[in-house]
Amino acid sequence: MKVRCVWSEFNEQETEYHDTEWGVPEHDDRKLFEFLILEGAQAGLSWDTILKRRENYRKAFDDFDYNVVAGYNEEKIEELLQDSGIIRNKLKVRSAVSNAKAFIEIRNEFGSFDKYLRSFLKDGKPIQNSWNLMSEIPGKTELSEKISKDMKKRGFNFVGPTIIYAFMQAVGMVNDHVTGCFRYQQCRDMQ
């Protein structure tokens with residue numbers, strides 16, 4: 001029997017996400033944008049709530065094509081606010097549009113959003129933590145606060161330090177699998 005991080009054992013969807021995505025270094029800008037929007041949507045909710053709606057988000061937000069999302073007008077925003085398949089929070093929906101615009105600006109400046117993110121990491125390499133218990137894992141760090149502050153200056157919303165730390169975990173900027181988890185060493189080996 002595989003030992004996993006405790007949070008991933010509540011349902012099959014969380015287990016699948018844990019076993020295949022969480023903590024894996026992601027370099028594709030479209031996937032990074034997806035996680036950025038989903039983590040922002042999750043604010044105040046459980047990750048499970050978002051995972052259950054992930055496919056609906058992909059459909060609603062044009063498969064997270066940031067160029068398309070950046071062009072959403074008021075009519076499209078109103079359409080999204082009527083979509084019961086996503087979290088219909090006006091601020092979160094509007095932030096997806098403004099975040100797409102800020103995302104594109106970063107891509108223009110750095111060449112990719114991935115390069116921007118990796119510029120915060122020593123040698124661009126993921127941070128390898130060695131937590132024994134989930135209770136040891138922080139909700140935010142100095143680095144997530146630094147990235148959050150920079151992103152807010154660049155016009156992003158729903159990118160507080162806690163959201164950014166969850167984003168960093170999701171996209172493998174930090175390996176927060178507990179040491180007893182079967183994914184711990186696998187994610188350490190991925191750079």
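Note that the structure is a prediction, hence the values are computed from the model and not measured.

Turning our attention to empty space enclosed by the protein. Picture a little ball the size of a water molecule; that probe, rolled over the atoms, points out where space is still empty. Summed over all chains, the structure comprises one cavity of 30 Å³ or more. Lining the largest cavity we find 14 residues, and of these Ile37, Ala41, Lys92, Val93 and Ala96 sit closest to its centre. Sorting the residues of the lining of the largest cavity by element identifies helix H2 (29-42) and helix H6 (90-110) as the ones contributing at least two each.

Over its 14 residues, H2 runs 20 Å from end to end, which matches the ideal 20 Å to within 8%, given 1.5 Å per residue. Burial of H2 is extensive: twelve of the 14 residues sit out of reach of the surface. Among all positions of H2, only Asp29, Leu32, Phe33, Glu34, Phe35, Leu36, Ile37, Leu38, Glu39, Gly40, Ala41 and Gln42 are buried. With a side-chain oxygen positioned 3.2 Å from the backbone nitrogen of arginine 30, the residue opening H2 is aspartate 28. Phi turns positive, to about 85°, at glycine 44, one or two residues after H2.

The next subject is the pattern of salt bridges. As enumerated under the stated definition, the model contains 16 salt bridges in all. Two residues, lysine 31 and glutamate 34, come together in a salt bridge whose shortest N-O distance is 3.5 Å. Note that lysine 31 and glutamate 34 are positioned in helix H2 at a spacing of three residues, about one turn of the helix. Using a relative accessible area of 23% as the deciding quantity, one classes lysine 31 as partly exposed. The class of glutamate 34 is buried, set by a relative accessible area of 4%. A network of salt bridges, in which partner residues are shared, links Glu21, Lys31, Glu34, Arg54, Glu55 and Arg58.

Calculation notes
- Residues numbered from 1 in each chain as written.
- Predicted model: local features only at pLDDT ≥ 70, side-chain atom pairs only at ≥ 80, totals over all residues.
- Heavy atoms only, no water.
- 1 Å grid on protein atoms, 1.4 Å probe; cavity = no way out; pocket = protein on both sides within 12 Å on 5 of 7 lines; lining within 4 Å.
- Points joined across faces, edges and corners; volume = space filled by probe spheres on them.
- Helix = DSSP H or I, 4+ residues; strand = E, 2+ residues; numbered from the N terminus.
- Expected span 1.5 Å × (residues − 1).
- Buried < 20%, exposed > 50% of the residue type's maximum accessible area, 1.4 Å probe, protein only.
- Polar contact = N/O pair within 3.5 Å; in protein donor to acceptor, adjacent residues only side chain to side chain.
- Salt bridge = Lys/Arg side-chain N within 4 Å of Asp/Glu carboxyl O.

Treat this as a map of the structure, not an account of what it does.
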